[in-house]
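Remarks on the overall topology
What follows is the residue order along each chain.
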Amino acid sequence: MGQFGVALKIIVQGQVQGVGFRPRLKRLADSLDLPGWVRNQGDQVQLQVPAEHPALTAFLEGLRQLTPELSLSRHILDKPLPQPFTILPSLSVPADSLLQLPADRGICAACRAEYHDPSSRRFHYPLISCHDCGPRLAILQRMPFCREHTSLQPWQPCPLCQAEFADAGNRRFHSELISCPQCGPQVRLLGESACVADAISAGLACLKRGGVLGVKSQSGFQLLCRASDEQAVARLRDNKRRPFKPLAVLVESAAQARRLAILTTAEIDLLEAPARPIVLVTKRGDTDLPIAANVSAGTPDCGLMLPVSGLHLALVDGVGEPLVCTSANVSGEPLLYDDAEMANRWRELCDLCLSHDLPVMLPQDDSVVMNTSGCTQILRRGRGFSHARLQLPGAGSVLAWGGDLKHAFAFSRADQVILSPFIGDMETIPVRQRQQRVLQHLAQLHDCTPQQSARDLHPGYHTHGMAASHSDVTPLNVQHHVAHVALNDALCPLPERYLALAWDGTGWGEQGDGWGSEAFLVEQGRLRRVAMLAPFSLPGGEAAVRQPWRVALALCFHAGMALQDCEEYLLQRRVPQQAIRVVWQMLERGLNAPPCHSMGRLFDAVSCWLTVCDTQHFEGDAPLRLQALASTCRATDRMFPITNEEVDGMHIGRWQPAWISLLNACQQNTDPAQLAFAFHQGIIQWALALARIFDVTDLSLSGGCFQNRLLQSLLLQQQTNGIRIHWPATIPVNDGGLAVGQLQALARGWTHLI
């Protein structure tokens with residue numbers, strides 16, 4: 001029987017779709033005998049309850065425990081509220097802002113227990129899910145989130161699933177993705193005309209005999225092999241054309257993870273979080289689980305992840321040991337996610353491929369996170385994190401193109417921002433094609449047509465040209481390091497006056513030179529570049545990035561050393577004498593040797609000298625080796641300080657004395673680990689000297705150099721001396737966050753430096 005009277009209309013925003021919010025709300029209302037209704041409306045949830053009901057206060061208190069974001073309004077009903085409380089069909093409405101999308105979630109504890117329970121209807125069902133877990137954004141076609149708006153729509157629930165869906169006491173009550181082995185998608189061997197009953201058994205047999213297995217996860221295909229099998233890992237690397245970069249390891253549980261790594265409570269929480277990211281952790285030296293050396297050689301860290309789905313659980317349980325788990329693609333190409341494309345490619349990547357019937361609408365790589373001294377940082381933002389909407393006042397209606405490396409773009413609309421998932425490096429045509437597809441898909445999801453665009457200043461970036469051809473509106477240019485600084489300005493609790501460090505490999509400066517060691521003073525909303533390293537050359541341009549010995553030789557040249565004083569050392573590092581002399585001539589003549597001020601390249605050069613890294617096999621290879629070496633140093637008071645000199649109002653970091661001191665220490669056969677640590681300490685002291693010069697206590701850190709765990713740790717130690725350290729926790733500090741920084745730079749008016 002309905003009730004008339006004054007109704008309270010409530011709008012709930014935030015992460016309220018795809019998480020079982022409406023069923024939980026109905027249980028709450030029924031427990032209080034409260035009439036009314038609830039429904040999805042766009043990306044919000046709308047409900048109405050009696051405004052004068054005696055249980056209203058208790059209901060609102062329970063509602064706030066479910067979500068803190070409420071909007072209340074009163075109005076007079078002209079028809080009765082339903083009794084009992086009712087879940088109404090979802091309502092699509094035109095979007096006036098960017099939407100809060102539902103997050104993909106890894107298998108929850110309840111589903112994991114059900115998966116292992118022989119009495120359950122979903123016993124060993126590899127695609128098991130519920131309100132709290134399963135794919136969401138990966139299969140979403142449009143909002144609001146309901147079954148008919150996802151790629152699960154063709155599968156209609158069987159009578160037993162339908163009964164659970166209608167039962168308010170069941171944990172799958174009104175679960176939009178409800179399914180079971182009888183009515184849901186099925187796992188099958190790719191290329192077979194029908195589902196194969198023992199597909200998982202075939203996959204397990206492939207892994208156990210040392211094969212490489214392709215697996216369709218929530219948001220794309222992956223490659224798996226036994227992490228203990230060095231030959232299998234080598235074959236996977238050959239197939240993927242990724243000879244050196246560390247690979248992630250899939251473990252069965254946090255307990256198994258502890259056997260491989262030294263884990264903090266924060267790292268355990270990250271591993272077990274619904275997003276199920278790859279978590280970078282410190283390896284154990286005393287592990288009793290055999291892991292092949294070629295999984296993550298040359299680094300003290302390893303990337304661990306827990307099962308994302310029942311399919312992962314079946315494989316890691318069935319093999320009985322950790323598995324290498326990495327994206328299914330050839331290096332330089334985007335993640336494969338479509339069955340038709342994978343059907344044409346899997347034989348070059350793996351020995352067998354397990355797929356399932358549920359189409360992926362938005363491909364996403366696994367996210368990568370790490371925690372340093374209690375501070376979490378997302379290094380790659382993909383599955384589980386790429387749904388989140390950010391608040392950015394004054395952003396306007398803009399498409400920000402980000403950069404070419406670790407590419408991600410961003411939309412802004414009505415003071416809100418959505419950052420795309422990590423897409424890849426834009427060097428190859430397949431990655432650029434993937435970017436266009438993801439751009440179109442997200443624009444349709446949000447019903448968003450930006451009125452302006454922003455791009456990196458670098459004229460050679462693919463994104464620079466793509467932005468110009470995307471619309472008739474002339475894009476606005478944002479300098480690379482200004483975008484880095486602006487990202488922190490948008491996300492971190494910074495004061496009115498602070499010092500921002502933007503340290504990375506390189507970025508196009510306003511005069512066409514290579515930046516990368518910038519310090520900016522931010523005060524009263526204005527941005528001023530105040531410090532940088534003294535310049536040095538990059539002989540061969542991009543060749544110097546791939547071959548750090550070229551940078552090391554350039555530092556010797558600019559430090560006033562003679563060729564014969566450094567030639568012998570490079571010869572010991574397997575660098576051909578003829579190549580050394582050709583590069584020296586380039587430096588003498590200033591030919592194809594552009595100037596730069598890059599902190600990242602300085603790390604490369606020191607790594608070359610101390611770790612015999614003459615060639616970088618992947619981005620960040622040399623600094624990662626240097627960090628690994630420095631991390632083995634137990635203690636040293638040695639330091640290679642960068643001296644500061646003011647020239648025409650600009651503070652120049654003179655690296656030359658530190659470089660010469662380091663080379664002299666090498667000739668004295670000093671422990672390389674001590675020298676690596678001393679170099680890190682010298683870098684920190686320059687940052688602190690700049691803070692003292694400008695009388696600031698807040699340091700904002702941005703750019704790829706600040707992914708260095710040792711650098712982070714040394715800086716965080718300064719907090720005991722009154723220095724406050726800031727970096728973004730939810731957006732990558734590397735180029736993956738540039739797009740959000742570009743939006744903030746426009747909002748701040750930071751398109752031209754002062």
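All of these numbers come straight from a predicted model, not from anything done at the bench.

Comments concerning the overall build of the chain
- Check the secondary structure of the chain and you find 23 helices and 31 strands.
- Against the compact-globule benchmark of 27 Å for 754 residues, the chain has a radius of gyration of 28 Å, which places it among compact chains.
- Dimensions along the principal axes, computed over C-alpha positions, put the chain at roughly 95 × 65 × 50 Å.
- Across the 754 residues in the chain, those meeting the buried criterion constitute 62%.

Looking at the sheet that holds strand 3 (residues 44-50)
- One open sheet accounts for five strands, arranged 4-1-3-2-5; its pairing is mixed. The sheet is open, and its two borders are formed by strand 4 (70-76) and strand 5 (86-87), each paired with just one other strand.
- With respect to the sheet, helix 1 (residues 21-31) is in contact with strand 1 (6-12), strand 2 (37-41), strand 3 and strand 5, its orientation differing from that of strand 2 by roughly 170 degrees.

Notes on the domain arrangement of the chain
- Assigned domains within the chain: domain 1 (6-87), domain 2 (187-356), domain 3 (388-487) and domain 4 (536-727).
- On a C-alpha basis, the centres of domain 1 and domain 2 stand 43 Å from each other.

Observations concerning the packing of aromatic side chains
- Following the criterion strictly, the structure yields nine aromatic pairs and no others.
- With a centroid separation of 6.0 Å and an interplanar angle of 15 degrees, the aromatic rings of Trp503 and Trp686 are classed as stacked. On the criterion of sequence distance, the pair formed by Trp503 in strand 23 (residues 497-508) and Trp686 in helix 21 (residues 672-693) is long-range, its members being 183 residues apart. Here Trp503 matches Trp686 in class, with each residue buried.
- Judged by centre distance (4.9 Å) and plane angle (80 degrees), the ring pair of Phe603 and Phe679 falls under edge-to-face.

Some words on the nonpolar core
- Leu499, Trp609 and Trp659 are the most contacted members of the largest nonpolar core, which totals 83 residues.
- The leading source of residues in this core is helix 21, at 13 residues.
- Once residues within four sequence positions are removed from consideration, Trp609 is found in contact with Ala552, Cys556, Cys566, Tyr569, Leu570, Arg573, Trp659, Leu662, Leu663 and Cys666.

A closer look at the pattern of salt bridges
- In this structure the tally under the stated criterion is 32 salt bridges.
- A salt bridge links Asp229 to Arg226; the shortest N-O distance between them is 3.5 Å. Arg226 matches Asp229 in its accessibility class, with the two residues each being buried.
- One salt bridge connects Glu523 with Arg528, and the closest N-O pair in it is separated by 4.0 Å.
- The class of Glu523 is partly exposed, set by a relative accessible area of 28%.
- Residues joined by salt bridges that share partners form a network here, namely Glu114, Arg121, Arg122, Glu164, Arg171 and Arg172.

Topic: the packing of helix 21 against helix 22 (residues 709-716)
- Running from N to C, helix 21 and helix 22 cross one another at 50 degrees; their axes reach a closest spacing of 10 Å. By the angle between their directions, the pair helix 21 and helix 22 is classed as oblique. When the axes of helix 21 and helix 22 are compared, the crossing they make is right-handed. Contacts between helix 21 and helix 22 involve Phe677, His680, Gln681, Ile683 and Ile684 from the former and Leu710, Leu711, Leu714 and Leu715 from the latter.

Regarding unusual backbone geometry
- Following Gln83, the chain continues to Pro84 via a peptide bond in cis, the omega torsion being 5 degrees.
- Checked against the element boundaries, Pro84 lands in the loop between strand 4 and strand 5.
- Between Met143 and Pro144 the backbone carries a cis peptide bond, its omega angle lying at 0 degrees.
- Non-glycine residue Asp33 carries a positive phi angle of around 55 degrees.
- What makes Asp33 exposed here is its relative accessible area of 52%.
- Its identity is not glycine, yet Arg276 carries a phi of approximately 50 degrees, on the positive side.
- Along the chain, Arg276 falls in the loop between helix 8 (265-272) and strand 11 (278-283).
- Under the relative-accessibility criterion, Arg276 is labelled buried at 9%.

Some details on the environment of His149
- Topologically, His149 is positioned in the loop between helix 3 (109-116) and helix 4 (159-166).
- Given the relative accessible area of 7%, His149 is considered buried.
- C-alpha separation for the pair His149 and Glu176, spaced 27 residues apart in sequence, amounts to 9.9 Å.
- Here His149 is in contact with Ser92, Ile139, Leu140, Gln141, Arg142, Met143 and Pro144, once residues within four sequence places are set aside.

A word on the side chain of Ser386
- Within the element layout of this structure, Ser386 appears in the loop between strand 16 (375-380) and strand 17 (389-391).
- Within polar-contact distance, the side chain of Ser386 engages the side chain of Gln364 at 2.5 Å.
- Apart from the residues within four sequence positions on either side, Ser386 is in contact with Leu137, Gln364, Arg381, Leu419 and Pro421.

About the cut-offs
Residues numbered from 1 in each chain as written. Predicted model: local features only at pLDDT ≥ 70, side-chain atom pairs only at ≥ 80, totals over all residues. Heavy atoms only, no water. Helix = DSSP H or I, 4+ residues; strand = E, 2+ residues; numbered from the N terminus. Rg over C-alpha atoms; globule rule 2.2 N^0.38 Å. Buried < 20%, exposed > 50% of the residue type's maximum accessible area, 1.4 Å probe, protein only. Pairing = 2+ DSSP bridges. Contact = heavy atoms within 4.5 Å. Axes fitted to C-alpha atoms, helices over the stretch in contact; angles between N-to-C directions. Domains from an automatic or database assignment. Phe/Tyr/Trp six-rings, centres within 6.5 Å; stacked < 30°, edge-to-face > 60°. Core = buried A, V, L, I, M, F, W, Y, C linked by side-chain atoms within 4.5 Å. Salt bridge = Lys/Arg side-chain N within 4 Å of Asp/Glu carboxyl O. Parallel < 35°, antiparallel > 145°, perpendicular 65-115°, else oblique. Left-handed = near helix turned anticlockwise from the far one by under 90°. Polar contact = N/O pair within 3.5 Å; in protein donor to acceptor, adjacent residues only side chain to side chain.

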